[in-house]
Amino acid sequence: MTEPVLEVRNLQLSFGALRATDGVSLTLCPGEIHALIGPNGAGKSTLIGLIAGTLKPDAGQVRLAGRDVTAADAAVRARAGLARSFQVSAVAADLTVLQNAVLAVQGARGQSFGFFRPALADAALRGAAEAHIARVGLSDRRTIPAGDLAHGERRRLELAMALALAPRAFVLDEPMAGMGPDGAREMTALLDDLRHEAPILLVEHDMDAVFALADRVSVLVSGRIIASGTVAEIRTDPEVRRAYLGEEMLE
Amino acid sequence: MRREAILNAAIAIALLAVPLAAQAMGEPFVITLATKVAILALAGVGLNIALGLGGMVSLGHAAFFGIGGYAMAVLAAPVQAYEPLMTWPVEVAGTKSMPIIWLAATLAGGLAALAIGALSLRTSGVYFIMITLAFGQMLYYFAISWPAYGGEDGLSIYVRNGFPGLNTLEPLQFFALCYGVLMVALLFSRVLARSRFGLALAGARQNPLRSAALGIRPYSVKLTAFVISGAITGLAGALFADLNRFVSPAMLSWQTSGEIMVFVILGGVARLFGPVAGAALFILLEHWLGGFSEYWKLFLGLALLGIVLFARGGLIGTIAGREVAHD
Ligand SMILES: Nc1ncnc2c1ncn2[C@@H]1O[C@H](COP(=O)(O)OP(=O)(O)OP(=O)(O)O)[C@@H](O)[C@H]1O
Ligand SMILES: [Mg+2]
């Protein structure tokens, strides 16, 4: 087996008495989409936060490209190529689509401390930003403030910003949340394309998308991974059926 | 041209025209008022970088304003006392030269902002407001108990400091200096807002989690902006002390912090000329309403309440409309 791009070992985090992450270990290997499913409150977003560095674990390790990044903060992990999206869209609402993308490019390159030249006048930054915007199909929305975008468009802008990091791994928290069936289909196609860029750890409630995209599925319940395997294995796992999947989803 | 740009130009021209007219009509007091507007606007331009661009609600900017004022006094007082500034480890003389004093005040304001910001920015929201206020008060009480510079009574610098090639005792010439500094600061502030740093600062203000996820530490970006902000307000403090030829702990008081914030809110938070419009309106109100009623600050308070509730862009926003996202 190839070396995993992302690996977490025995991660633990408690909020008071609540064990939100209770000894989670998982890997993300080159080229794969690894889906993480589980009921509400299972600890999926918490795990994403631990991987991205916005939360600090009580114990355990996060390794990115073979390097231990447990002590590194979110900005350092981002510059090392960890691209995350949030369950609730997170963009700079007053900045335009293009400005958001330029911000992502300059962030990834560590070029945010230029005080004089206008950011948008920098051809290299702007060119890269426009390419990422085009990739997600937002070119004609370039000058719109991100806060004025439709929900699905904002989701795609977040992916453009993730692409700007020249990612080694995507960590996406429910990218289809709140989307209609058309939006979800488009997003599924986009993610299928992105897997060639970098492997994806995909938290998602949309089972159609998960079963269409995932090479592997892990099931998180109460902060623990109770099952992990291929789509076919997970569909038929009795424990998973009981803990999470409604019978109607398995037909 | 955009409406706001026209409005800004009109304000800049008016602020220049008023003292010129006053000079022609022999009204030096009006020149002094205009100078005060320019200097207080400069302090507001500093705060606007923290508050408007960075979203840092600092109620402690009097600290930087006062430190700038005291930096002037520390350098200029030994000269009028015919003493050296210090004798150990090397003898250093004081100075009455504005360029050196400005540099010192800018550095002192920036350094103070670095220290205060480094601690305050570990908190946010109401805690940030309270902790900046607390640092300001700490310096205020320190100044009160500092006998070398007059303690509670403050210290007079009898002769205004000099600037090469100008006669700063001439009110119009001193005004021109202050106006020039204000214009440079405004230009810098505009350039900064559009730069890569300005973009990073906007990101850190609007969505710090997203900024971090893009590899930008919101803390570092905000702290840098806070330092720039404090440096500019420090420079304003040195000019203000020179205008009055006097420094006192009042410059460091929380009322001063509040007033600087009022300029920015009155004129329009994050609007380039907001602090200029705000300071001008404040001084005019103080002058007119102050003569008409002792309770003018009550009216000012009501006006502020109205602005915060109904006209979020302040004076500039009300006249020029919503800010247009450029490009
Ligand atoms: N900062 C916090 N402080 C205290 N408890 C928290 C915190 N964040 C999350 N929790 C709790 O931890 C548990 C896991 O939350 P988490 O958001 O990770 O779930 P999730 O699997 O992402 O759920 P969903 O599918 O609804 O997004 C929940 O019980 C939640 O209430
Ligand atoms: Mg979640």
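Residues numbered from 1 in each chain as written. Chains lettered and ligands numbered in written order. Predicted model: local features only at pLDDT ≥ 70, side-chain atom pairs only at ≥ 80, totals over all residues. Heavy atoms only, no water.

As recorded in an unreviewed UniProt entry, chain B goes by the name Amino acid/amide ABC transporter membrane protein 2 (HAAT family), listed as coming from Rhodovulum euryhalinum. The record held by UniProt for chain B lists under Subcellular location (unreviewed entry) the comment "Cell membrane". (UniProt positions renumbered as here; feature names shortened; annotations may be inferred.)

An unreviewed UniProt entry annotates chain A as Amino acid/amide ABC transporter ATP-binding protein 1 (HAAT family) originating from Rhodovulum euryhalinum.

**Concerning the overall build of chain B**
Helices and strands together make up the secondary structure of chain B, namely 13 helices and four strands. The C-alpha atoms of chain B give 20 Å as radius of gyration, which agrees with the globular expectation for 327 residues (20 Å, within 12%). Structurally, chain B occupies a C-alpha span of about 55 × 50 × 40 Å along its principal axes. Expressed as a percentage of the 327 residues in chain B, the buried residues total 52%. In chain B, the proportion of contacts linking residues at least 24 apart, taken out of those at least 6 apart, comes to 78%. For chain B, the computed accessible surface area is about 14500 Å², with 69% contributed by carbon and sulfur atoms. Charged side chains of chain B number 18 positive and 13 negative; the gap between the two group centres comes to 18 Å. (Helix = DSSP H or I, 4+ residues; strand = E, 2+ residues; numbered from the N terminus. Rg over C-alpha atoms; globule rule 2.2 N^0.38 Å. Buried < 20%, exposed > 50% of the residue type's maximum accessible area, 1.4 Å probe, protein only. Contact = heavy atoms within 4.5 Å. Areas by Shrake-Rupley, 256 points an atom, 1.4 Å probe, with all protein chains shown as cover. Lys, Arg positive; Asp, Glu negative; His and termini not counted. Charge placed at Lys NZ, Arg CZ, Asp CG, Glu CD.)

**Thoughts on the coordination of the magnesium ion (ligand 2)**
All names here are of chain A. In the first shell of the magnesium ion (ligand 2), the protein supplies Ser45 (OG) and Gln87 (OE1), at 1.9 to 2.1 Å from the metal. Taken as a pair, Ser45 in helix H1 (residues 44-52) and Gln87 in the loop between strand S6 (82-85) and helix H3 (97-109) lie far apart in primary sequence, 42 residues in all. We classify Ser45 as partly exposed; its relative accessible area is 30%. (Donors = N, O, S within 2.8 Å, 3.2 Å for Na, K, Ca; no water.)

**Regarding the pairing of strand S3 (residues 33-37) of chain A**
All names here are of chain A. With five of its five residues buried, S3 lies for the most part within the structure. Where S3 and strand S8 (residues 200-203) come together, four bridges link them in parallel fashion. Bridge pairing links Ala35 to Leu202 in S8. As paired elements, S3 and strand S9 (residues 216-221) share four bridges and run parallel to each other. Bridging from a neighbouring strand, Ile37 pairs with Val219 of S9. (Pairing = 2+ DSSP bridges.)

**Remarks on the nonpolar core**
In this structure, Phe170 and Leu191 of chain A together with Leu15, Leu42 and Leu182 of chain B are the most contacted members of the largest nonpolar core, which totals 146 residues. It is helix H2 (residues 28-53) of chain B that provides the largest number of residues to this core, a total of 16 residues. Here this core spans two domains, since at least three of its residues come from each of domain 1 (1-81 + 169-251) and domain 2 (91-166) of chain A. Contact partners of Phe170 of chain A, with chain neighbours within four places excluded, come to Leu28, Ala83, Ala162, Leu163, Leu194, Glu197, Ala198, Pro199, Ile200 and Leu201 of chain A. Among the nonpolar cores identified, the runner-up in size contains 25 residues, and Leu11, Leu47, Val62 and Val69 of chain A belong to it. (Core = buried A, V, L, I, M, F, W, Y, C linked by side-chain atoms within 4.5 Å. Domains from an automatic or database assignment.)

**So, the interface of chain A and chain B**
Contact with chain A, which involves 43 residues of that partner, is made by 30 residues of chain B. Between chain A and chain B, roughly 3000 Å² of surface is buried when both sides are summed, and carbon and sulfur atoms account for 62% of that area. For the chain A face of the interface with chain B, the top three residues by lost area are Leu103, Phe113 and Phe115 of chain A, together amounting to 18%. Here chain A and chain B share two salt bridges between them. (Buried area = accessible area lost by both parts, 1.4 Å probe. Salt bridge = Lys/Arg side-chain N within 4 Å of Asp/Glu carboxyl O.)

**Focus on the sheet that holds S3 of chain A**
Residue and element names in this part refer to chain A. Read across the open sheet, the six strands follow the order S6-S7-S8-S3-S9-S10; overall the sheet is mixed. Strands at the two margins of the open sheet, each flanked by one partner only, are S6 and strand S10 (224-229). In this sheet, neighbouring strand axes are inclined to one another by 15° on average, regardless of whether the strands run parallel or antiparallel. Two elements, strand S7 (residues 169-173) and S8, share four bridges in a ladder whose sense is parallel. Residue pairing for S8: Val171 is matched across the bridge by Leu201. Sitting on the sheet, helix H6 (residues 181-194) touches S3, S7 and S8, and the angle it makes with S8 is about 155°. (Axes fitted to C-alpha atoms, helices over the stretch in contact; angles between N-to-C directions.)

**Examining empty space enclosed by the protein**
Summed over all chains, the structure comprises two cavities of 30 Å³ or more. Roughly 40 Å³ of internal volume is contained in the largest cavity. Surrounding the largest cavity, Ala52, Thr54, Ala74, Ala78, Leu82 and Arg84 of chain A together with Ala213 of chain B form its lining. Elements that contribute at least two residues to the lining of the largest cavity include exactly helix H2 (74-79) and S6 of chain A. (1 Å grid on protein atoms, 1.4 Å probe; cavity = no way out; pocket = protein on both sides within 12 Å on 5 of 7 lines; lining within 4 Å. Points joined across faces, edges and corners; volume = space filled by probe spheres on them.)

**Topic: the packing of helix H4 (residues 98-120) of chain B against helix H5 (residues 126-144) of chain B**
All names here are of chain B. Relative orientation of the contacting elements H4 and H5 amounts to 145°, with a least axis distance of 10 Å. The two elements H4 and H5 meet at a crossing, and its hand is right-handed. Residues Ile116, Leu119 and Ser120 of H4 form the contact with H5, whose participating residues are Phe128, Ile131, Thr132, Phe135 and Leu139. Here the residues of the contact of H4 with H5 are counted per class, giving six nonpolar, two polar and no charged. (Left-handed = near helix turned anticlockwise from the far one by under 90°. Nonpolar A, V, L, I, M, F, W, Y, C, P; charged D, E, K, R; others polar.)

**A word on the site of ligand 1**
All names here are of chain A. Surveying the vicinity of ligand 1 reveals 14 residues, the closest of which are Gly41, Lys44, Ser45, Thr46 and Gln87. In the model, an oxygen atom of ligand 1 is placed 2.9 Å from a nitrogen or oxygen of the Asn40 side chain. A distance of 2.9 Å separates an oxygen atom of ligand 1 from a polar atom in the backbone of Gly43. Where the shell around ligand 1 is concerned, the elements lending two or more residues are strand S2 (18-28) and H1. Take the shell around ligand 1: its biggest share by element is three residues, from H1. Here the shell around ligand 1 is composed, by residue class, of five nonpolar, seven polar and two charged. (Near = heavy atom within 4 Å. Polar contact = N/O pair within 3.5 Å; in protein donor to acceptor, adjacent residues only side chain to side chain.)

**Quick word on the environment of Pro249 of chain B**
All names here are of chain B. Tracing the sequence through the fold places Pro249 in the loop between strand S4 (246-247) and helix H10 (254-267). For the pair Pro249 and Ala143, spaced 106 residues apart in the sequence, the C-alpha separation amounts to 5.7 Å. Residues within four places of Pro249 in sequence aside, it is in contact with Tyr70, Tyr140, Ala143, Ile144, Gly151, Glu152 and Gly154.

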